[in-house]
Amino acid sequence: MKIKDVITVLEQMAPLAYAEDFDNVGLLVGNSNNQTTGVLVCHDALENVIDEAIAKNCNMVVCFHPILFSGLKKITGKNYVERSIIKAIKNDIAIYAVHTALDNHKHGVNKIFCDALGLQNTKILIPKENYIRKLITYTTPENMEKLRNALFDAGAGNIGNYENCSFTSLGFGSYQGNNDSNPTIGMPGEFVEDKEIKIEVTFEKHLESKILKALFSNHVYEEVAYEIYSLENRHQNIGLGMIGEFEQAIDEKDFLHFVKEKMKAGGIRHSAFTGKLIKKVAVLGGSGSFAIKNAIAQGADVFLTADLKYHQFYEAEGKLLLADIGHFESERYTKNYIVDYLTKKIPNFAIILSEENTNPVKYL
């Protein structure tokens, strides 16, 4: 098995197109055509993790956080990033990062967070915008079913919990080809007006090239008429954060003790208690201060995240409880999820969970 074969599985788990624009995901170091000896899954691809990969004969490291986040002008080993990269390159070890590609997935970081707490009826907290596109095309009634099914097979027509969604309408199209044309119906120079079927389907924008390939490969016309629009609709199954609820409400202080135990947090910083019971819980793994207003708007009783600054605790405004449980802690079980996913998809292959604790924050 080659590294690129593992990458194919990883991109099924966390499509790179789901990642935020600022992020640096995918293959960061290494040659995807190399054979894979084993995969080590970690939270951060630090130098000690690369040492672990070497010791365990793994020439591919899959990390959650990208070790390369901003550009490097020099690689001299002067800091922890450069030392990790140098060691990986010297030992021919590939590094692949998932980060916000998995953050934005409906089964990703925040669903893992919710599942660890036992939350039910979960949904995306901040659905992704400007991600849905719409294709409109026209074809003969005889070609309609074949063409529509090909578009479905390419990934078009998925809306929430439904698939194979489309709208078709009957109308009349007209055309007149020149002497170099080769019309499906009629002759060059002849004005033709005939029945046509209009097909409308939506799709995720990263599938556009695949959708267009299916369109051109299965259409009967010499010149395919089509339109693609960007929609303002939010994608309810892609986005940051998640919100869910408990079956029974719980006292605020008891809730925080529960979270501390479940997420193995060294400590929890929180805003003033509101005096309300906790039933509706919003979460966002990692740095999530930007989503405080979204948690309030969704009616959450508490918002669990990390890296909150002093003044951001004021933003609770007594409307909800804000709790900073730690960056690493909020993403703690992500690497376990990746190992489980790869193990199921690539059985009888060495998929190893890193034993290194890469949390840089320590507690007294």
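Since we're looking at a predicted model, the values are computed, not measured.

Q: Looking at this structure, how should I read the overall build of the protein?
A: In terms of regular secondary structure, the protein is built from 11 helices and 15 strands. With respect to the three principal axes, the spread of C-alpha positions in the protein is 85 × 55 × 40 Å. The buried share of the protein, taken over its 364 residues, is 47%. Put simply, of all contacts in the protein between residues at least 6 apart along the chain, 72% involve residues at least 24 apart. With the model as given, the accessible surface of the protein reaches about 18600 Å², and the carbon-plus-sulfur share is 48%. Across the protein, the centroid of the 39 positively charged side chains sits 6 Å from that of the 46 negatively charged ones.

Q: What am I meant to see in the state of the cysteines here?
A: As used in these notes, a disulfide is a covalent bond between sulfur atoms, one from each of two cysteines. Enumeration according to the criterion identifies 0 disulfides in this entry. Cys58 takes part in no disulfide bond, and the closest cysteine sulfur, belonging to Cys42, lies 11 Å away. Owing to a relative accessible area of 3%, Cys58 belongs among the buried residues under this scheme. Among the cysteines around Cys63, which has no disulfide bond, Cys42 carries the closest sulfur, lying 5.1 Å off. Taking relative accessible area as the criterion, Cys63 reaches 0% and is therefore assigned buried.

Q: Is there a simple way to explain the nonpolar core in this structure?
A: Where a protein is soluble and globular, its nonpolar side chains tend to be buried together. Residues Leu10, Met13, Val39, Val41, Met60, Ile338 and Leu342 are the most contacted members of the largest nonpolar core, which totals 26 residues. Only α1 (3–13), β2 (39–44), β3 (60–65), β4 (94–97), α4 (100–103) and α11 (334–345) provide two or more residues apiece to this core. For this core, the element with the most residues is α1, which contributes 6 residues. When residues no more than four places from it in sequence are discounted, the contact partners of Met60 are Ile3, Val6, Ile7, Leu10, Thr36, Gly38, Val39, Leu40, Ile93, Ala94 and Tyr96.

Q: What exactly am I supposed to notice about the packing of aromatic side chains here?
A: For any pair of aromatic rings, the description consists of the separation of the ring centres together with the inter-plane angle of the planes. Taken as a whole and judged by the stated rule, the model has 7 aromatic pairs. Seen from their ring centres, Phe216 and Tyr226 are 5.6 Å apart, and the 75° between their planes marks the pair as edge-to-face. Taken together, the residues Phe216 in helix α7 (residues 208–218) and Tyr226 in strand β9 (residues 226–230) connect sequence positions 10 residues apart. Judged by its relative accessible area of 44%, Phe216 falls in the partly exposed class. When the ring of Tyr310 is compared with that of Tyr314, the centres are 5.9 Å apart and the planes differ by 90°; the resulting orientation is edge-to-face.

Q: How should the packing of helix α2 (residues 47–55) against helix α3 (residues 80–90) be read in this particular structure?
A: For any two helices packed against each other, one specifies the crossing angle of their axes together with the interaxial distance. The contact between α2 and α3 brings their axes to 8 Å, and the two run at 20°. Overall, the two elements α2 and α3 adopt an arrangement that is roughly parallel. Crossing angle aside, the handedness with which α2 passes α3 is left-handed. Contacts from Glu47, Ile50, Asp51 and Ile54 of α2 reach α3 at Arg83, Ser84, Lys87 and Ala88. By residue class, the composition of the contact of α2 with α3 is 3 nonpolar, 1 polar and 4 charged.

Quick notes on the rules
Here, residues in each chain are numbered from 1, in the same order as that chain's written sequence. Local features are withheld for residues below a pLDDT of 70 in this predicted model, meaning they are given only at 70 or higher, and side-chain atom pairs are given and counted only at 80 or more; totals for whole chains, interfaces and linings count all residues. Here the side-chain values reflect all heavy atoms present in the structure, with hydrogen atoms and water set aside. Only DSSP runs of H or I with at least four residues qualify as helices, and only runs of E with at least two residues qualify as strands; both kinds are numbered from the N terminus onward. Throughout this description, buried means an accessible area under 20% of the type-specific maximum (1.4 Å probe, protein chains only), exposed means over 50%, and partly exposed covers the range between. In what follows, a contact means two residues having at least one pair of non-hydrogen atoms within 4.5 Å. Methods summary: accessible areas were calculated by the Shrake-Rupley approach with a probe of 1.4 Å, and residue burial reflects only the protein chains presented. In this count, Lys and Arg are taken as positive residues and Asp and Glu as negative ones, while His and the chain termini are left out. Taken as the charge centre is NZ of Lys, CZ of Arg, CG of Asp or CD of Glu, depending on the residue. In plain terms, two cysteine sulfur atoms within 2.5 Å form what is called a disulfide here. Residues grouped as a nonpolar core are buried Ala, Val, Leu, Ile, Met, Phe, Trp, Tyr and Cys residues, joined through side-chain atoms within 4.5 Å. Aromatic rings from Phe, Tyr and Trp, with only the six-membered ring used for Trp, were paired whenever their centres fell within 6.5 Å, and each pair was classed as stacked if the ring planes differed by under 30 degrees, edge-to-face if by over 60, and tilted otherwise. To get an axis, fit a line to the C-alpha atoms, keeping to the stretch in contact for a helix; angles then go from 0 to 180 degrees between the N-to-C directions. The scheme is simple: roughly parallel for angles under 35 degrees, roughly antiparallel for over 145, roughly perpendicular for 65 to 115, oblique for anything else. Should the near helix be turned anticlockwise from the far one by less than a right angle, the crossing is left-handed, and should it be turned clockwise, the crossing is right-handed. Basically, the charged four are Asp, Glu, Lys and Arg, the nonpolar ten are Ala, Val, Leu, Ile, Met, Phe, Trp, Tyr, Cys and Pro, and anything else, Gly included, counts as polar.

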